[in-house]
There are 2 protein chains.
Amino acid sequence: MSLERIRNSSLHEKIMSAEQASEFIKDGMTVGMSGFTRAGEAKAVPKALAERCKQHPIKINLMTGASLGNDLDKILTESGSLARRMPFQVDTTLRKAINNGEVMFIDQHLSEMVEQLRSHQLTRPDVAIIEAVAITEEGHIVPTTSVGNSASFAVFAEKVIVEINTLHSEKLEGLHDVYIPTYRPTRTPLPLVKVDDRIGSTAIPIPPEKIAGIVFTSTPDSYSTVSDPDEETASIARHLVSFLKEEVAEGRLPNNLGPLQAGIGNIANAVMMGLLDSDFEDLTMYSEVLQDSTFDLIDAGKMKFASGCSVILSERMNSKVFDNIEAYKDKLVLRPQEMSNHPELVRRLGIIAVNTALEFDLYGNVNSTHVCGTKMMNGIGGSGDFARNANMSIFVTKSIAKDGAISSVVPMVSHVDHTEHDVDILVTDQGLADLRGLAPRERAVRVIQNCAHPDYRHQLMDYFERACARGGHTPHLMEEAFSWHVALEQSGTMKR
Amino acid sequence: MSLERIRNSSLHEKIMSAEQASEFIKDGMTVGMSGFTRAGEAKAVPKALAERCKQHPIKINLMTGASLGNDLDKILTESGSLARRMPFQVDTTLRKAINNGEVMFIDQHLSEMVEQLRSHQLTRPDVAIIEAVAITEEGHIVPTTSVGNSASFAVFAEKVIVEINTLHSEKLEGLHDVYIPTYRPTRTPLPLVKVDDRIGSTAIPIPPEKIAGIVFTSTPDSYSTVSDPDEETASIARHLVSFLKEEVAEGRLPNNLGPLQAGIGNIANAVMMGLLDSDFEDLTMYSEVLQDSTFDLIDAGKMKFASGCSVILSERMNSKVFDNIEAYKDKLVLRPQEMSNHPELVRRLGIIAVNTALEFDLYGNVNSTHVCGTKMMNGIGGSGDFARNANMSIFVTKSIAKDGAISSVVPMVSHVDHTEHDVDILVTDQGLADLRGLAPRERAVRVIQNCAHPDYRHQLMDYFERACARGGHTPHLMEEAFSWHVALEQSGTMKR
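Quick caveat: nothing in here was measured; it's all calculated off a predicted structure. (Residues numbered from 1 in each chain as written. Chains lettered and ligands numbered in written order. Predicted model: local features only at pLDDT ≥ 70, side-chain atom pairs only at ≥ 80, totals over all residues. Heavy atoms only, no water.)

Time to look at the packing of helix 7 (residues 231-249) of chain B against helix 8 (residues 266-274) of chain B. Residues and elements named next belong to chain B. Two elements in contact, helix 7 and helix 8, have axes whose closest approach is 8 Å; the angle formed by their N-to-C orientations is 50°. Taken as axis vectors, helix 7 and helix 8 run oblique relative to one another. Relative to helix 8, the crossing made by helix 7 is right-handed. Contact residues: Thr233, Ile236, Ala237, Leu240 and Val241 in helix 7; Ile267, Ala270, Val271 and Gly274 in helix 8. Considering only residue class, the contact of helix 7 with helix 8 consists of seven nonpolar, two polar and no charged. (Axes fitted to C-alpha atoms, helices over the stretch in contact; angles between N-to-C directions. Helix = DSSP H or I, 4+ residues; strand = E, 2+ residues; numbered from the N terminus. Parallel < 35°, antiparallel > 145°, perpendicular 65-115°, else oblique. Left-handed = near helix turned anticlockwise from the far one by under 90°. Contact = heavy atoms within 4.5 Å. Nonpolar A, V, L, I, M, F, W, Y, C, P; charged D, E, K, R; others polar.)

Have a look at this one:
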């Protein structure tokens, strides 16, 4: 135990075991937990809760920042304690329970949940469980590797449990910028005008008497599972970098491109890696999650500042960054996800948003979440927060999946997360389609020619031509629009 | 001619005929015109252009605020001069040309077009044609009944043609608040924090030497065709008002509800009329178009301020308002559509957004634009600007259309303009479904029970139950998802 991490000594008496702390959570309660993209989640109390549930089953509504590490969503699902889960997840076991209708999953824009809590349109958490590196003299909570929704959860909850994780360096203090918008109708403009502006406090300000329990832990965050670029993702990166170069040459973008946002995962990471060998200078990020590529760019002197709401790294990069965190502190800030993803800021800053599509269609509609229209993968996450209000909204994906049995370019997406109105640029390993200022019929030709895999181009053009013959602003054959998805489910391939 | 309307006398020499002014427009040019929801459009020059095209065909790209009155879109379409049209229209003839693929229509969020012009992602207008009540001493343009995109068109265009419409009272001067955001990367917060804040100038500030021609006109705006509430729209209004009352009682909304936005048309107008007999006090609007209902509410002392970007009224209300405009001036402001619809302001102010759906589905996805997935009606307009960032996003529609042959509640919408993530409340004449915090399977039950017409409830439940049996977070039968639309096209009814 490291008592010096609790600098408000009146709180020392609140130290307890994870089991004891878990007793604050009763059947039917709403629990708000720290954790965003498997970084900085509360670790011990949810585990203890799952154990307790094996003997004494209870059901809770679980809210987080985004996904949890350390298999917590799996453990909680298996314990049967999840009635409702929001706003995001990435866990195989939980995903199954969601798709079976056993856990009610509410898939939300990540910037919006706390706004709905603030206006009491969603039930506020009874208990918040927040991972911290320390508690300050004032009793304020210093978060760890993510801020997520932790600040608002702590403010809104009746009781707060703090998990002090001694594996995280105390030097993380000062990295965070906790700003919470004021209540309406007297809300004022968010005062952030540059990616490196600091507008809040370095800890979560709550009255110390709300802290009901403090638990010490020493479990690390899960490491990122991001893999090195492969041939296709490197090709996507090349197409995008060469397009961005042209935008700079034409005077439509400055040479630092404007603040970058990149979604989580291999493709977005590969795209960011592609900037390493580019001529762009003084890059900045204003994103939700910061991955390996961010720090590769910082280390290479290509990127001068990165603002995020969580940091998730591979094992290699993790020690490199967190063992030398002081060296990064003037180039890095972590904010609440409401701020990292806020429409006001995304629009003001002019963000270049790069997010991953599961599939997209002839007219530029994007599916980010549902397999064959029904089965949830992870959730929309922050992609909508950025795509809608960005200066440029870019979606990337490989042109085919499952050895070519699936085309990522389809006649009509089986689920729409981002409408044609919110999508500017599409990129696959085959090429890039610039859809700005184009009508649907023009978009279709460009999407087929530039983005579709050659194996599917003819099939797509055949659909498009027959649909055009029938007419309409957005030509479709409604009885055939999902025939590719139906074929995939019935015969294992979209190929005719 | 009323020379005193051109207060900068150096501009008197720019007075010319509409025919002469139309000569500034050459083949292939992009033209930006005033006009929003059939209010305040330039009237004489586009007509002269259409006439000229009969002899000497040219093609132009036409940008406006939104829809045009006085049949201008019809006249221009028939003259064959429209190659491209954006971002909105409501004309039958143009609609046909769009659906036949003859005019390329770019259907955009109304707040976004000038942002894309500003960053050169869309081609800027060569010529702007702006209707005005006057030109000031400085050579600045005082708009008429709409601001729309006029200010940015005038700023970005090479040449500006001003149509001074002497039918509009000069007393309109002072009604407008023209604010244009600064360029990135030094953009600052929009300084508006209350609906009645004035943050800009009362005229469009351009160097007078950009004014290439001035044309005098005296054609009135087209009158609004809005009809009185009928049984169904009155019922929609009752359901919504009683829900809002409950929200106030529960402390989730203040008694003035927060700023209201209402889409154009009969249903939204009826909903606003429903507030006349409610207990709400001190209502305000922060909307794009102001219709009859706004002024009925002001006259009844229910509404204390309305901010819009255009005013379109019935013949009766038109003279009542514009003959007494001085009496309304302290309760009214007209802003550029970029400001009236801006995500930063919509989110900050906490708008209650009421927009009309063409159809919605079991899971809360909304189609605002496409008939049977292919044919464009009007366009998304500002509905997406508001729905995404509003405090509460409400969509209204009648439960059935065409004497019951069409159900507005369908298994899956044939086109998605607003995703489930952006829709909080659905209302039909049958009732209201509050979807906040619900998972898709929960939403479906509520939508069927509360919103669907009794004639279609069983059919919807049957689809939903068979889909659930197959599983998935958002249960669907992909091979059947559009069977209702296909049946409608083939047999004239969605009824089984």
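All names here are of chain B. Ordered by their spatial adjacency, three strands build an open sheet running 17-16-23, and the pairing between neighbours is mixed. Edge strands, defined here as strands with exactly one partner in the open sheet, are strand 17 (366-367) and strand 23 (409-410). Judged from the two bridges that link them, strand 16 (residues 359-361) and strand 17 form a sheet pairing that is antiparallel. Its bridge partner being in strand 17, Glu359 is matched across the sheet by Asn367. (Pairing = 2+ DSSP bridges.)

What follows deals with the pattern of salt bridges. Inspection of the entire model under this criterion finds 70 salt bridges over all chains. Here Lys74 of chain A and Glu78 of chain A are joined by a salt bridge, their closest N and O atoms 3.0 Å apart. One end of the pair is Lys74 of chain A and the other is Glu78 of chain A, both in helix 3 (residues 72-78) and four residues apart, which spans about a single turn. Relative accessible area serves as the criterion here: at 28%, Lys74 of chain A is assigned to the partly exposed category. Here Glu78 of chain A falls in the exposed class, since its relative accessible area comes to 53%. A salt bridge links Arg316 of chain A to Asp292 of chain A, with the shortest nitrogen-to-oxygen separation between them at 4.0 Å. Taken together, the residues Arg316 of chain A in helix 10 (residues 315-322) and Asp292 of chain A in helix 9 (residues 292-299) connect sequence positions 24 residues apart. A residue is classified by how much of its surface remains accessible, and Asp292 of chain A, at 6% relative accessible area, is buried. What emerges from the salt-bridge pattern is a single network uniting Glu115, Arg118, Arg184, Arg187 and Glu338 of chain A together with Arg347 of chain B. (Salt bridge = Lys/Arg side-chain N within 4 Å of Asp/Glu carboxyl O. Buried < 20%, exposed > 50% of the residue type's maximum accessible area, 1.4 Å probe, protein only.)

Right, let's talk about the sheet that holds strand 23 (residues 409-410) of chain A for a bit. All names here are of chain A. The three strands are arranged 17-16-23 in an open sheet whose pairing can be described as mixed. With partners counted over all chains shown, the strands left at the sheet margins are strand 17 (366-367) and strand 23, one partner each. Across two bridges, strand 16 (residues 359-361) lies against strand 23 in parallel orientation. The residue bridging Phe360 from the neighbouring strand is Val409, located in strand 23.

The subject of this paragraph is the UniProt feature "domain: Acetyl-CoA hydrolase/transferase N-terminal" (unreviewed entry) in chain A. In the numbering adopted here, UniProt assigns the feature "domain: Acetyl-CoA hydrolase/transferase N-terminal" (unreviewed entry) to residues 10-215 of chain A. Taken as a whole, residues 10-215 of chain A contains 22% helix and 19% strand, while its terminal C-alpha atoms sit 15 Å from one another. (UniProt positions renumbered as here; feature names shortened; annotations may be inferred.)

Quoted interface sizes are often the accessible area lost when the parts come together. Taken together, the contact between chain A and chain B spans 76 residues of the former and 76 residues of the latter. Summed over both partners, the interface of chain A with chain B buries about 6400 Å², with 50% contributed by carbon and sulfur atoms. Applying the counting criterion to the chain A and chain B interface returns seven salt bridges. Arg347 of chain A serves as the salt-bridge partner of Glu115 of chain B, at 2.9 Å between the closest nitrogen and oxygen. At the boundary of chain A and chain B, one finds 44 residue pairs in polar contact (both at pLDDT 80 or more). Residue contributions to the side of chain A that touches chain B peak at five residues, all from helix 13 (residues 343-349) of chain A. Within the side of chain A that touches chain B, the residues separate by chemical class into 25 nonpolar, 29 polar and 22 charged. (Buried area = accessible area lost by both parts, 1.4 Å probe. Polar contact = N/O pair within 3.5 Å; in protein donor to acceptor, adjacent residues only side chain to side chain.)

Let us look at the packing of aromatic side chains. Throughout the structure, instances matching the rule amount to six aromatic pairs over all chains. Here Phe482 of chain A and Phe482 of chain B contribute two aromatic rings whose centre-to-centre distance is 4.8 Å and whose plane-to-plane angle is 25°, an arrangement assigned as stacked. With Phe482 of chain A in the loop between helix 16 (454-470) and helix 17 (483-491) and Phe482 of chain B in the loop between helix 16 (454-470) and helix 17 (483-491), the pair connects residues from two separate chains. Just as Phe482 of chain A is buried, Phe482 of chain B falls in that class too. (Phe/Tyr/Trp six-rings, centres within 6.5 Å; stacked < 30°, edge-to-face > 60°.)

We now examine the UniProt feature "domain: Acetyl-CoA hydrolase/transferase C-terminal" (unreviewed entry) in chain A. In the UniProt entry, the feature "domain: Acetyl-CoA hydrolase/transferase C-terminal" (unreviewed entry) is given for residues 320-463 of chain A. Counting secondary structure, residues 320-463 of chain A comes out at 33% helix and 25% strand; the distance between its end C-alpha atoms is 51 Å.

Another point: the packing of helix 9 (residues 292-299) of chain B against helix 10 (residues 315-322) of chain B. Residues and elements named next belong to chain B. Remark: helix 9 packs on helix 10, axes separated minimally by 10 Å, with the N-to-C direction vectors making an angle of 50°. As summarised for this structure, helix 9 and helix 10 are arranged oblique, according to the angle between their axes. Where helix 9 crosses over helix 10, the handedness of that crossing is left-handed. Every residue of helix 10 that contacts helix 9 at Asp292, Phe295, Asp296 and Asp299 is listed here: Arg316, Met317, Lys320 and Val321. Residue classes in the contact of helix 9 with helix 10 are distributed as three nonpolar, no polar and five charged.

Turning to the nonpolar core, a few remarks are in order. Counting 70 residues, the largest nonpolar core has Phe360, Leu362 and Leu426 of chain A together with Phe360, Leu362 and Leu426 of chain B as its most contacted members. Contributing elements (two or more residues each) for this core: strand 23, helix 15 (440-451), helix 16 and helix 17 of chain A together with strand 23, helix 15 (440-450), helix 16 and helix 17 of chain B. Leu426 of chain B has contacts with Phe360, Gly364, Val366, Phe395, Gly431, Leu432, Ala433, Leu435, Val447 and Cys451 of chain B, leaving out every residue within four places of it along the chain. One finds Val142, Leu240, Met285 and Val396 of chain B within the second-largest nonpolar core, a separate group that totals 48 residues. (Core = buried A, V, L, I, M, F, W, Y, C linked by side-chain atoms within 4.5 Å.)

With that settled, the discussion passes to the relation of the copies chain A and chain B. When chain A is fitted to chain B, the best match, at an RMSD of 0.0 Å, comes from turning it 180° and sliding it 0.0 Å along the axis. What the rotation and shift describe, once combined, is the action of a two-fold rotation axis. Across chain A, the smallest distance between a C-alpha and the rotation axis is recorded for Glu344 of chain A, namely 2.1 Å. Taken together, the interface assignments show that 100% of the residues at the interface of chain A recur at the interface of chain B, consistent with an identical surface on both copies. (Least-squares fit on C-alpha atoms with pLDDT ≥ 70 in both.)

Residues and elements named next belong to chain A. Tracing the backbone shows Gly381 in the loop between strand 19 (375-376) and helix 14 (383-389). Once the C-alpha coordinates of Gly381 and Glu288 are considered, the two residues, 93 residues apart in sequence, prove to be 9.7 Å apart. The contact partners of Gly381, leaving out residues within four places of it in the chain, are Phe88, Asp107, Gln108, His109 and Leu110.

Before going further, it helps to examine helix 9 of chain B. All names here are of chain B. Most of helix 9 is tucked away, with seven of its eight residues classed as buried. Those residues of helix 9 that fall on the buried side of the exposure criterion are Asp292, Ser293, Thr294, Phe295, Asp296, Leu297 and Ile298. Just beyond helix 9, the residue with positive phi is Gly301, at close to 75°.

Next up on the list: the pairing of strand 3 (residues 82-86) of chain A. Residue and element names in this part refer to chain A. The element strand 3 is largely enclosed, with a buried count of four among its five residues. As judged from the four bridges shared by strand 2 (residues 60-63) and strand 3, these two strands associate in the parallel manner. Each bridged residue has a counterpart across the sheet, and for Asn61 the counterpart in strand 3 is Arg84. Handedness of the crossover joining strand 2 and strand 3 through helix 3 is recorded here as right-handed. For the segment spanning strand 3, helix 4 (residues 92-99) and strand 4 (residues 104-105), crossover handedness is right-handed. (Right-handed = clockwise from strand over helix to strand, strands pointing away.)

The next subject is unusual backbone geometry. Here Met86 of chain B and Pro87 of chain B are connected by a cis peptide whose omega angle stands at 0°. Of note, Pro87 of chain B is situated in the loop between strand 3 (82-86) and helix 4 (92-99). Along the chain, Arg184 of chain B connects to Pro185 of chain B via a cis peptide bond; the corresponding omega equals 5°. Following the sequence through the fold, Pro185 of chain B ends up in the loop between strand 7 (159-165) and strand 8 (211-217). In this structure, Lys402 of chain A takes a positive phi of about 45° despite not being glycine. By the secondary structure assignment, Lys402 of chain A is in the loop between strand 21 (400-401) and strand 22 (406-407). Exposure remark for Lys402 of chain A: the relative accessible area of 67% places this residue in the exposed category. Located in the positive-phi region is Asp403 of chain B, a residue other than glycine, with phi close to 55°.

Okay, the side chain of Asp296 of chain A next. By the element assignment, Asp296 of chain A lies in helix 9. Discounting residues that sit within four places of it in the chain, Asp296 of chain A has contacts with Met273, Leu276, Arg316 and Met317 of chain A.

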